[in-house]
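Listed below, chain by chain, are the residues.
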Amino acid sequence: MKRFFLIAMGLMLCAPTTLLFAQEKNQIFLRNVSTGTELFVVDGVVQASKARIEITTPIDGVNIIVDNRLGAKITRTTVDNGTDKKDNLLYVEIDMDRFGRLKNAVELTRRTYEAFEDSVDRQLYDFGDEVRAREIYLENSMNEAEKDWQTASLVRIVADQNLYSNEETIPTDVMANLSGRQRVLFTLSPLRQEVTTWGNEYLRYMDDAAGLYKTRKYAEALASYKRATEVEGISEDQRSIAESRMKKMEEYSKLKQAATQQVNAINQMRKEADVATFETAANTVDYNMVEEYYNAAIANFKSLLRETDPNDEYYTNMVNRLNAAKEKLGVVIMGKVVKTDYKGGKIVETNASDMWVRGLTFYDEKLMKKGMFGDELEGGELDGNGVFRVQIPRNKYRGLLFIPKPGSKIKENTFFRLDGNKHLRSKISIKD
């Protein structure tokens, strides 16, 4: 599932650094200079259904490239800057009704996916192929819609490529939060004109990493922070910030990878357990190991929750779902009941199928020898081979009581003591 939380991963609090450039071509540098209070007003009327991005630049020949789906109107003029040469002023006017429909398509796929996730309150291993396929389809649809939105909302700023080696884009967070009435102001400068700067390449890598971090793509964020450390001309403080975040991303990536592997192991082991017979279970089923995987996955997701954002809904949901699945698993007892008799000088075993299995909260040997005691259990009937499999609540029963059905040759009940909350696979012998 996809969730979002706020963390200032992209903001650096170190002092700016003067950079030296060896390349022949210059670069352009986009800076957001909005205060957040600017309104889009035309002839005294606030434009409630429109927004405008304004770019002021001394650079001639700047082009704005947008996707046709955005339906943006691009105009340009000039404005005095106090010198003999005027600045260029470029307007990107956006119809917010059309823009809203593009954005809502993404929100719809996300809400559909999240609603589906929330509706699945069964244990992880119970999803089944059909439900898993639906989940994958909805997640892919959401990812495709987000990719489509990123393409449609991309506003590229391109200068003369003979003079400038890069292009800029309006930041994705600005586009995502754009609303009617709004003016967003930018300046576009040749980078060499900046007396002091951090360098937009470094900032771009840091911003990319912060965005990846927010979507829990820690390995990708790690790679982006590493690229930031390799930018020439940055200060030691800037390098140190990127390196410290690399260490965090490496830690989070390992935690997430481990938790994911543990959940996959749980799913596989539970799936194998559901089809195992008493004989094959000896080699394929270890519910105590399943429980260890539950505990490990829960611990790793809790660590991610604690270390990244205590309010992250995705990790909170994973912890809750795993806890619920573990609780529902309870204690699994898989057994085979055999009747024993002494014939011809040797013990002869035959499968028992004429008994009930009930859960017992107390133990009184004299009282419980005959009669009906204990709680009915789901799966508490022996099959034709004397095999049973019950899941009982943790910390509730002291043992299982095997009670002969009417007409059985077995005359007395048999008590089987449980080993605390330990999952068991056992053969129970009852004297015929």
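Preceding this section is the structure that the text describes.
Residues numbered from 1 in each chain as written. Predicted model: local features only at pLDDT ≥ 70, side-chain atom pairs only at ≥ 80, totals over all residues. Heavy atoms only, no water.

J.: Looking at this structure, I do not really get the packing of aromatic side chains. What am I missing?
T.: Aromatic ring pairs are defined here through the distance separating the ring centres and the angle between the ring planes. Under the criterion given, the structure shown has 6 aromatic pairs. Aromatic side chains Tyr218 and Tyr252 sit 5.5 Å apart centroid to centroid with 65 degrees between the ring planes, which places their arrangement in the edge-to-face category. Highlighted residues: Tyr218 in helix H5 (residues 218-229) and Tyr252 in helix H6 (residues 236-275), separated in sequence by 34 residues. An identical accessibility class is assigned to Tyr218 and Tyr252; each is buried. Through a chain of ring-to-ring contacts, three or more aromatic side chains come together here, namely Tyr213, Tyr218 and Tyr252. Of note, Arg52 hangs over the ring of Tyr91, and the distance from its end group to the ring centre comes to 4.0 Å. (Phe/Tyr/Trp six-rings, centres within 6.5 Å; stacked < 30°, edge-to-face > 60°. Helix = DSSP H or I, 4+ residues; strand = E, 2+ residues; numbered from the N terminus. Buried < 20%, exposed > 50% of the residue type's maximum accessible area, 1.4 Å probe, protein only. Lys NZ or Arg CZ within 6 Å of the ring centre and 35° of its normal.)

J.: For this particular structure, what's the right way to read the environment of Thr77?
T.: Tracing the backbone shows Thr77 in strand S6 (residues 73-79). Classification of Thr77 as partly exposed rests on a relative accessible area of 38%. Those residues in contact with Thr77 that sit more than four places away from it in its chain are Asp87, Asn88, Leu89 and Tyr91. (Contact = heavy atoms within 4.5 Å.)

J.: Would you explain the side chain of Asn88 in this entry?
T.: Within the element layout of this structure, Asn88 appears in strand S7 (residues 87-95). Polar side-chain contacts of Asn88 include one of 2.8 Å to the backbone oxygen of Ile59. Setting aside anything within four residues of it in sequence, one finds Asn88 in contact with Ile55, Thr56, Thr57, Pro58, Ile59, Asp60, Thr77 and Thr78. (Polar contact = N/O pair within 3.5 Å; in protein donor to acceptor, adjacent residues only side chain to side chain.)

J.: Is there a simple way to explain the pattern of salt bridges in this structure?
T.: For side chains bearing opposite charge, pairing can occur when the charged atoms are close. A full pass over the atoms with the stated rule returns 16 salt bridges. Ionic pairing is found between Arg239 and Glu236, a salt bridge with its closest N-O pair at 3.8 Å. On the criterion of helical spacing, the pair formed by Arg239 and Glu236 is a turn pair, its members being 3 residues apart in helix H6. Owing to a relative accessible area of 23%, Arg239 belongs among the partly exposed residues under this scheme. With its nearest N and O atoms 3.0 Å apart, the salt bridge here joins Arg394 to Glu291. In this pair, Arg394 is assigned in the loop between strand S15 (387-392) and strand S16 (399-404) and Glu291 in helix H8 (residues 287-307), connecting sequence segments 103 residues apart. The class for Arg394 is partly exposed, based on a relative accessible area of 21%. One network of salt bridges, in which partners are shared, links Arg52, Glu54 and Arg183. (Salt bridge = Lys/Arg side-chain N within 4 Å of Asp/Glu carboxyl O.)

J.: Just to check I follow, could you spell out the sheet that holds strand S4 (residues 50-57) for this structure?
T.: Pairing between sheet strands relies on hydrogen bonds along the backbone, with the strands arranged either parallel or antiparallel. An order of S1-S10-S4-S7-S6 is seen for the 5 strands of this open sheet, with the pairing classed as mixed. Edge positions in the open sheet fall to strand S1 (28-32) and S6, since each of these has one partner strand only. Along the sheet, successive strands turn relative to each other by an average axial angle of 25 degrees, direction set aside. Here 8 bridges tie S4 to S7, and the two strands are oriented antiparallel to one another. Bridge pairing in S7 places Ile53 opposite Val92. (Pairing = 2+ DSSP bridges. Axes fitted to C-alpha atoms, helices over the stretch in contact; angles between N-to-C directions.)

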